Amino acid sequence: MTHIEKFSYDNKIVRDFGIATVIWGIVGMLIGLLAAIQLYEPAANLGNPYTTFGRIRPLHTNAVIFAFVGNAIFMGIYYSLQRLCKARMFSDLLSKLHFWGWQLIIVAAAITLPLGMTSSHEYAELEWPIDIAITLIWVIFGWNMFGTILRRREKHLYVAIWFYIATFVTVAVLHLVNSFQLPISLFKSYYWYSGVQDALVQWWYGHNAVAFFLTTPFLGLMYYYLPKAANRPVYSYKLSILHFWTLIFIYIWAGPHHLLYSSLPNWAQSLGTAFSIMLIAPSWGGMINGLLTLRGAWDRVREDAILKFFVVAVTAYGMATLEGPLLSLKNVNAIAHFTDWIVAHVHVGALGWNGLMTFAMLYWLAPKIYNTKLYSMKLANTHFWLATLGIAFYAIPMYWSGWQQGQMWKDFGPDGYLVYPEFIKTTMSILPMHVMRSIGGTIYLTGVFVMAYNLYKTVKSGRLVANEAAEAAPLLNNENHGKEYWHRIIERKPTLMLVLSLIVIMIGGAVEMVPTFLIKSNVPTIAAVKPYTPLELEGRDLYIKEGCVGCHSQTVRPFRSETERYGEYSKAGEFVYDHPFLWGSKRTGPDLAREGTAKLFKQDSWHYYHLVKPSEMTQGSIMPPYPWLTTNTLNTSQTVSKIKAMRTLGVPYPKDYEKQALSDLKKQAEKIAANLKKEGVRNKDKSEVSPDVEVIALIAYLQRLGTDISKSETTNP
Amino acid sequence: MNKHSLLSKKACSLLALLSLTGLSQAQTLSDTGKFMNFGINELLWTITLILGLILLFLIFVMLRLMKELKKGEAAVPETEKRTIMERILSLRPLSDNAKLTMDHRYDGIEELDNPTPPWFNFLFYGTIIFAIVYMVKYHVIGDGMVQENEYQAEMEEWKAKTVANQAAGTDLIDETNVALVSDAKLLAASAEIFKVKCAVCHGEKAEGKNGPKLTDPYWIHGGELKDIFKTINQGVPEKGMIAWKGILKPEEIQNMASYILSIQGTVPDGVGAEPQGALKTAEPVKEAPSSDTTSTSGS
């Protein structure tokens with residue numbers, strides 16, 4: 001005879017994460033808008049380093065991914081997990097620690113990124129102390145979640161929880177492997193990996209951050225909130241099983257598709273393409289199961305804004321996950337990579353899938369936990385149309401722009417010459433689309449404000465049910481399960497599920513990474529490639545600090561259109577001393593991998609003038625001015641430890657080189673200052689440019705770029 | 001036989017849909033006027049892929065058809081008429097939901113025991129086959145068209161074209177046969193290029209900046225048309241003047257050299273950079289070939 005246990009669900013933590021979701025959503029999107037406007041009106045950087053594109057672009061991505069979507073994930077999981085397990089969260093204290101810890105991390109990001117403290121790995125820009133904090137908070141989240149699962153009053157785990165578990169375990173692995181850094185100081189570190197290997201780790205991480213932070217948790221949430229909101233049964237249990245396991249297994253392999261036509265070994269690139277194609281069906285499994293769950297509820301979609309959000313969100317997911325594999329085909333990638341096409345692609349995913357799913361959950365949850373009704377379904381419908389229109393106005397101009405610029409870069413006239421040898425012409429041709437994009441973003445953001453008002457009014461009309469009473473029978477262990485589908489066994493063994501997920505996601509990463517790290521032939525060395533001089537190294541760190549990598553790639557792809565424009569295509573051996581790699585993922589400006597070579601040669605004074613006011617040297621340039629580089633004194637207090645750290649990481653500086661590093665740095669800086677003087681450069685007050693300002697180091701670095709393998713043609717005096 | 005016609009209808013509509021997408025793709029390509037860039041190889045490749053997909057789809061339809069017909073022979077009556085959409089997606093009718101509902105619910109959520117749709121499996125197996133063929137083609141059989149070889153092929157194709165171009169005469173201008181251009185339109189075009197590419201070092205009006213003044217009669221590397229052509233073409237790397245060969249077309253370099261000559265004397269003495277190099281006479285004195293032209297001052 002079983003007795004019924006009484007307990008309560010914690011709704012307060014759900015509410016807290018909900019509020020954080022809305023606030024950070026607005027913040028993240030506002031920063032995105034600011035960044036978008038700078039891409040046609042550079043003066044929108046407000047004239048200071050802290051709000052300049054290079055620094056706020058990572059702030060935008062981090063805010064949207066980890067603050068907006070992250071809080072939405074936790075909100076959704078904390079509500080659904082309790083009900084699916086018929087148990088209160090394992091520990092209220094852990095819940096609180098998780099919530100406040102996560103918010104603190106976000107605040108730390110919002111402070112450090114504008115200050116230029118960045119590791120430069122995309123979507124993992126935060127410096128090492130914050131990385132450690134993330135690890136701790138993630139463990140707290142996992143502990144709390146697993147504790148709840150172990151205390152559940154429901155024998156089997158529902159499909160939503162499978163996705164939560166896979167999310168937890170994979171993000172943990174991704175974060176740990178991608179955070180191997182050697183600290184130099186409290187907010188500066190170098191990645192353990194270099195060049196090609198660093199690129200592989202970064203995109204294994206970057207791609208799977210999309211997979212396991214933006215996709216799997218949301219699929220889990222879809223499996224709870226969509227059938228709840230539609231009040232329909234989930235279409236197919238078997239499809240859930242099939243697409244869950246295939247999705248997490250295949251996703252991990254696809255990272256190298258971000259590095260097609262780079263110096264990553266060919267076999268790894270091909271694996272990236274092949275697995276991306278195989279990813280279509282597992283991704284679509286989620287979409288199909290979601291949309292078919294709505295069978296019999298389609299008449300309600302017309303009135304119910306929440307269902308509308310779900311339908312468009314799931315459809316956007318389906319479109320983005322078909323487009324992704326197509327972009328992984330080398331011939332499509334050859335056109336689309338580095339262009340606005342990719343920006344359009346990710347925003348269909350972020351605005352469409354993550355954004356609309358989050359809005360749907362918020363609209364559904366707020367009245368539930370406040371025991372009231374949604375203030376206005378009409379406003380919610382208005383929001384839906386604003387959001388959908390916003391996405392269209394955002395994505396269509398970006399697709400257009402990406403296609404157009406991609407074609408212009410590759411355009412050869414019948415005489416065999418590039419039709420647009422000046423990069424700036426291709427930039428100027430897409431600026432109208434950039435304007436349109438920011439309008440689209442504004443429309444989308446307006447919708448979020450409408451939602452915030454609607455939710456505020458809803459909450460005001462009700463009262464938070466902080467502890468929602470519930471009851472259920474405790475779990476019995478001696479049940480006879482009889483004949484059952486094989487997967488049911490895994491579903492009642494959460495630890496087994498965790499271990500299996502871990503194994504499944506480790507395979508792909510291991511197969512791709514281990515050989516790239518261990519087999520020498522994958523990164524052929526080039527004797528002419530030498531470590532950076534101390535001044536160049538400092539210049540490189542400035543390049544990282546200012547976020548130059550956000551707009552300038554540093555890898556020339558093996559196409560005639562690129563070798564004609566930039567020079568010899570990049571080789572793996574050129575990057576062996578690059579901790580971290582700086583290949584970039586977007587060419588808002590031209591590639592800089594060969595900036596110092598004779599083909600692209602510019603005098604030191606050109607760089608100086610260009611950094612102070614780009615539009616003066618390149619008419620129509622949308623690069624922001626960096627006047628502060630000419631007044632900030634270069635901080636050389638860490639140069640010695642940087643050289644030592646680099647040696648630890650395997651960069652062959654001679655023994656005791658650190659002792660002469662500073663005097664070498666000074667010598668090189670004086671040489672460049674002398675060049676500037678000779679070329680007639682003066683400060684605003686007519687004084688000579690001092691050798692110890694930051695711009696000198698950056699010029700040294702830019703003049704070094706790409707010169708190693710073409711020493712004979714290097715002209716830099 | 002009703003079933004049969006429905007099936008073929010569904011095949012027809014899907015075929016139409018497929019060809020429409022194909023057409024619209026071709027449309028976008030030609031709209032942008034960049035059709036050629038896409039390359040005939042890619043086009044053929046795409047068409048083959050689409051045809052392959054259609055073929056696979058037809059095989060699939062045939063198999064389904066045979067299965068359905070067999071069922072028909074076994075005379076299994078359908079309990080409910082399904083909509084065309086449900087037939088296309090091979091879905092069970094909604095009224096079957098009660099039968100399909102599984103015996104568990106989570107927080108009120110029920111799950112149905114629907115099989116994965118056959119077309120879904122078909123898609124999945126198709127992509128797996130694609131992936132295997134892809135890996136085998138590039139890395140096992142090794143027709144070798146990995147990126148380095150692809151690049152080499154592209155360059156070879158270009159070289160062949162260059163030879164053809166040279167034969168046609170468009171690439172043949174060099175310092176030995178460069179001719180003075182006086183067409184105002186061409187000179188104006190050069191002026192534009194000058195602003196973008198040359199003004200950085202030589203000044204907006206060629207008055208000289210880091211690079212020397214180009215409007216005075218003093219020349220470091222020679223002031224004749226052929227000298228100027230050569231300087232632009234090959235550059236003076238040690239001084240920071242890059243070689244424009246490959247960036248500007250030979251014809252453009254010819255126009256630029258002519259443009260430089262056309263703006264002689266447009267910046268007054270004393271404005272801009274100091275004179276550098278040797279003085280050049282304005283015109284060789286025709287009637288006095290014996291006189292020393294290099295030492296007479298220009299007018």
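Residues numbered from 1 in each chain as written. Chains lettered and ligands numbered in written order. Predicted model: local features only at pLDDT ≥ 70, side-chain atom pairs only at ≥ 80, totals over all residues. Heavy atoms only, no water.

1. Regarding the overall build of chain A
Thinking step 1. Across its full length, chain A holds 24 helices and four strands.
Thinking step 2. If one aligns the C-alpha atoms of chain A with their principal axes, the spans along those axes are about 90 × 50 × 50 Å.
Thinking step 3. Here chain A holds 717 residues, and 67% of them are scored as buried.
Thinking step 4. In chain A, of all internal contacts separated by at least 6 residues, the share reaching a separation of at least 24 is 83%.
Thinking step 5. Surface accessibility of chain A: about 24900 Å² in total, with carbon and sulfur atoms responsible for 66%.
Thinking step 6. Side-chain charges of chain A comprise 64 positive and 49 negative groups, with the mean position of each set lying 7 Å from the other. (Helix = DSSP H or I, 4+ residues; strand = E, 2+ residues; numbered from the N terminus. Buried < 20%, exposed > 50% of the residue type's maximum accessible area, 1.4 Å probe, protein only. Contact = heavy atoms within 4.5 Å. Areas by Shrake-Rupley, 256 points an atom, 1.4 Å probe, with all protein chains shown as cover. Lys, Arg positive; Asp, Glu negative; His and termini not counted. Charge placed at Lys NZ, Arg CZ, Asp CG, Glu CD.)

2. Considerations on the overall build of chain B
Thinking step 1. What chain B contains, in helices and strands, is 10 helices and four strands.
Thinking step 2. Beginning at the N terminus, the succession of helices and strands in chain B can be written as α-α-α-α-α-β-β-α-α-α-β-α-α-β.
Thinking step 3. A separation of at least 24 residues holds for 57% of the contacts in chain B among residues at least 6 apart in sequence.
Thinking step 4. On chain B, roughly 18400 Å² of surface is accessible, and the fraction owed to carbon and sulfur atoms is 63%.

3. Some points on the side chain of Glu-323 of chain A
All names here are of chain A.
Thinking step 1. Position of Glu-323 relative to the elements: it lies in helix α11 (residues 305-327).
Thinking step 2. The side chain of Glu-323 sits in the buried core without any salt bridge; Arg-437 is the nearest counter-charge, 14 Å away.
Thinking step 3. With sequence-adjacent residues up to four places away left out, Glu-323 is seen in contact with Trp-341, His-345 and Tyr-399. (Salt bridge = Lys/Arg side-chain N within 4 Å of Asp/Glu carboxyl O.)

4. Some details on the interface of chain B and chain A
Thinking step 1. Taken residue by residue, the interface counts 64 residues in chain B and 76 residues in chain A.
Thinking step 2. Here chain B and chain A share an interface that buries about 6300 Å² over both sides, 61% of which is from carbon and sulfur atoms.
Thinking step 3. Three residues, Tyr-106, Asp-107 and Gln-147 of chain B, lead the burial of chain B against chain A; their summed loss comes to 12% of the area buried on that side.
Thinking step 4. Our enumeration of links across chain B and chain A arrives at four salt bridges.
Thinking step 5. A salt bridge links Glu-86 of chain B to Arg-295 of chain A, with the shortest nitrogen-to-oxygen separation between them at 2.8 Å. (Buried area = accessible area lost by both parts, 1.4 Å probe.)

5. Quick word on the side chain of His-337 of chain A
Residues and elements named next belong to chain A.
Thinking step 1. Along the chain, His-337 falls in the loop between α12 (330-336) and α13 (340-369).
Thinking step 2. Residue class for His-337 comes out buried when judged on its relative accessible area of 12%.
Thinking step 3. When sequence neighbours within four positions are dropped, the list of residues in contact with His-337 reads His-258, Ile-342, Trp-409 and Arg-557.

6. Here we look at the packing of aromatic side chains
Residue and element names in this part refer to chain A.
Thinking step 1. Counted according to the given criterion, the structure contains 57 aromatic pairs over all chains.
Thinking step 2. An aromatic cluster is built from Phe-17, Phe-66, Phe-74, Tyr-78, Phe-99, Trp-100, Trp-102, Trp-138, Phe-141, Phe-168 and Phe-213, whose rings are joined through pairwise contacts.
Thinking step 3. Here the basic side chain of Arg-153 rests over the ring of Phe-7, its NZ or CZ set 4.0 Å away from the ring centre.
Thinking step 4. Looking at Lys-330, its charged tip hangs above the ring of Tyr-261, at a distance of 4.7 Å from the centre. (Phe/Tyr/Trp six-rings, centres within 6.5 Å; stacked < 30°, edge-to-face > 60°. Lys NZ or Arg CZ within 6 Å of the ring centre and 35° of its normal.)

7. Quick notes on the confidence of the model for chain A
Thinking step 1. When the pLDDT values of chain A are averaged, the result is 94; 98% of them are 70 or greater.
Thinking step 2. Under a pLDDT of 50 for its full length, residues 712-717 of chain A has, in the predicted model, 10 contacts with residues more than four places off or in other chains. (pLDDT = per-residue confidence, 0-100.)

8. A few points about the confidence of the model for chain B
Residue and element names in this part refer to chain B.
Thinking step 1. Within chain B, residue pLDDT values average 75, and 72% of them lie at 70 or more.
Thinking step 2. Confidence, read as mean pLDDT per element, is least for helix α2 (residues 35-38) in chain B (44) and greatest for strand β2 (residues 109-112) (95).
Thinking step 3. Below pLDDT 50 for its whole length, residues 1-12 participates in 14 contacts with residues either more than four positions away or in separate chains.
Thinking step 4. Note that pLDDT drops below 50 for residues 284-299; the model gives that stretch seven contacts with residues more than four away or on any other chain.

9. Thoughts on the environment of His-579 of chain A
All names here are of chain A.
Thinking step 1. Structurally, the position occupied by His-579 is in the loop between α19 (560-566) and α20 (604-612).
Thinking step 2. Beyond its immediate sequence surroundings of up to four residues, His-579 is in contact with Tyr-190, Tyr-191, Trp-192, Tyr-193, Ser-194, Arg-540, Met-646, Leu-649 and Val-651.
Thinking step 3. Among the polar contacts listed, one links the side chain of His-579 to the backbone oxygen of Trp-192, at a separation of 3.4 Å. (Polar contact = N/O pair within 3.5 Å; in protein donor to acceptor, adjacent residues only side chain to side chain.)

10. Things to note about the pattern of salt bridges
Residue and element names in this part refer to chain A.
Thinking step 1. Using the criterion set out here, one finds 40 salt bridges over all chains in the structure.
Thinking step 2. A salt bridge links Asp-92 to Arg-88, with the nearest nitrogen and oxygen atoms 2.7 Å apart.
Thinking step 3. Taking the relative accessible area as the measure of exposure, Asp-92 reaches 31% and is therefore partly exposed.
Thinking step 4. Taking the relative accessible area as the measure of exposure, Arg-88 reaches 22% and is therefore partly exposed.

11. Re the environment of Thr-631 of chain A
Thinking step 1. Secondary-structure assignment places Thr-631 of chain A in the loop between α21 (614-617) and α22 (639-648).
Thinking step 2. Thr-631 of chain A sits 63 residues away from Glu-694 of chain A along the chain, and the two C-alpha atoms are 7.5 Å apart.

12. Some points on the pairing of strand β3 (residues 188-191) of chain A
Moving residue by residue along a regular strand, the side chains alternate between the two faces of the sheet.
Residues and elements named next belong to chain A.
Thinking step 1. Side-chain alternation along β3 places Lys-188 and Tyr-190 on one buried face and Ser-189 and Tyr-191 on a second face that is also buried.
Thinking step 2. Where strand β2 (residues 181-185) and β3 come together, four bridges link them in antiparallel fashion. Across the sheet, residue Pro-183 finds its bridge partner in β3, namely Ser-189.
Thinking step 3. Once β2 ends, the chain turns through two residues before running back antiparallel as β3. (Pairing = 2+ DSSP bridges.)

13. Overview of a nonpolar patch on the surface
All names here are of chain B.
Thinking step 1. On the surface, Trp-45, Leu-49, Leu-53, Leu-55, Leu-56, Ile-59, Leu-63 and Phe-122 cluster together to form a nonpolar patch covering roughly 730 Å² of accessible area.
Thinking step 2. The biggest single contributor to the nonpolar patch is helix α3 (residues 40-73), with seven residues.
Thinking step 3. Mapped onto the fold, Leu-49 is located in helix α3. (Patch = residues over 30% accessible without salt bridge, like charges linked within 9 Å, V, L, I, M, F, W, Y side chains within 5 Å.)

14. A closer look at the environment of Tyr-193 of chain A
All names here are of chain A.
Thinking step 1. As for its placement among the helices and strands, Tyr-193 is situated in the loop between β3 and α6 (195-230).
Thinking step 2. Along the backbone, Tyr-193 and Tyr-577 are 384 residues apart, and their C-alpha atoms lie at a distance of 9.3 Å.
Thinking step 3. Setting aside residues no more than four positions away along its own chain, Tyr-193 makes contact with Val-177, Phe-180, Asp-198, Val-201, Phe-517, Asp-578 and His-579.
Thinking step 4. Looking at Tyr-193, its side chain comes within polar contact range of the main-chain oxygen of Val-177, at 2.7 Å.

15. A few points about helix α9 (residues 280-293) of chain A
An α-helical turn contains 3.6 residues, so a residue and the one three or four places further along point in the same direction.
Thinking step 1. Taking 1.5 Å per residue as the helical rise, α9 of chain A with its 14 residues ought to reach 20 Å, and the 20 Å between its terminal C-alpha atoms agrees with that figure.
Thinking step 2. Every buried residue of α9 of chain A is listed here: Ile-280, Ala-281, Pro-282, Ser-283, Gly-285, Gly-286, Met-287, Ile-288, Asn-289, Gly-290, Leu-292 and Thr-293 of chain A.
Thinking step 3. Contacts from the buried residues of α9 of chain A go to α6, α7 (237-251), α8 (266-278) and α11 of chain A together with α6 (118-140) of chain B. (Expected span 1.5 Å × (residues − 1).)

16. A short note on the state of the cysteines
Thinking step 1. All chains considered together, the criterion is met by zero disulfides over all chains.
Thinking step 2. In this structure Cys-548 of chain A is a free cysteine whose sulfur lies 8.7 Å from that of Cys-551 of chain A, the closest cysteine sulfur available. (Disulfide = S-S within 2.5 Å.)

17. Some thoughts on unusual backbone geometry
Residues and elements named next belong to chain A.
Thinking step 1. Pro-580 follows His-579 through a cis peptide bond whose omega is -5 degrees.
Thinking step 2. Looking at the element boundaries, Pro-580 is found in the loop between α19 and α20.
Thinking step 3. Residues other than glycine seldom take positive phi values, yet Ser-120 does so here, at roughly 75 degrees.
Thinking step 4. As for its placement among the helices and strands, Ser-120 is situated in the loop between α3 (92-112) and α4 (128-150).
Thinking step 5. Judged by relative accessible area, which is 12%, Ser-120 ranks as buried.
Thinking step 6. Phi angles above zero are rare outside glycine, and Tyr-261 is one such case at about 60 degrees.

18. Quick word on helix α8 (residues 184-202) of chain B
Thinking step 1. Here α8 of chain B spans only 22 Å end to end across 19 residues, well under the 27 Å set by a 1.5 Å rise per residue.
Thinking step 2. Largest kink in α8 of chain B: about 50 degrees, centred on Val-196 of chain B.
Thinking step 3. Among all positions of α8 of chain B, only Leu-187, Ser-190, Ile-193, Phe-194, Lys-197, Cys-198, Ala-199, Val-200 and His-202 of chain B are buried.
Thinking step 4. Where α8 of chain B is buried, its residues meet α20 and α21 of chain A together with α10 (250-262) of chain B. (Bend = angle between axes of the 7 residues up to and from the residue.)

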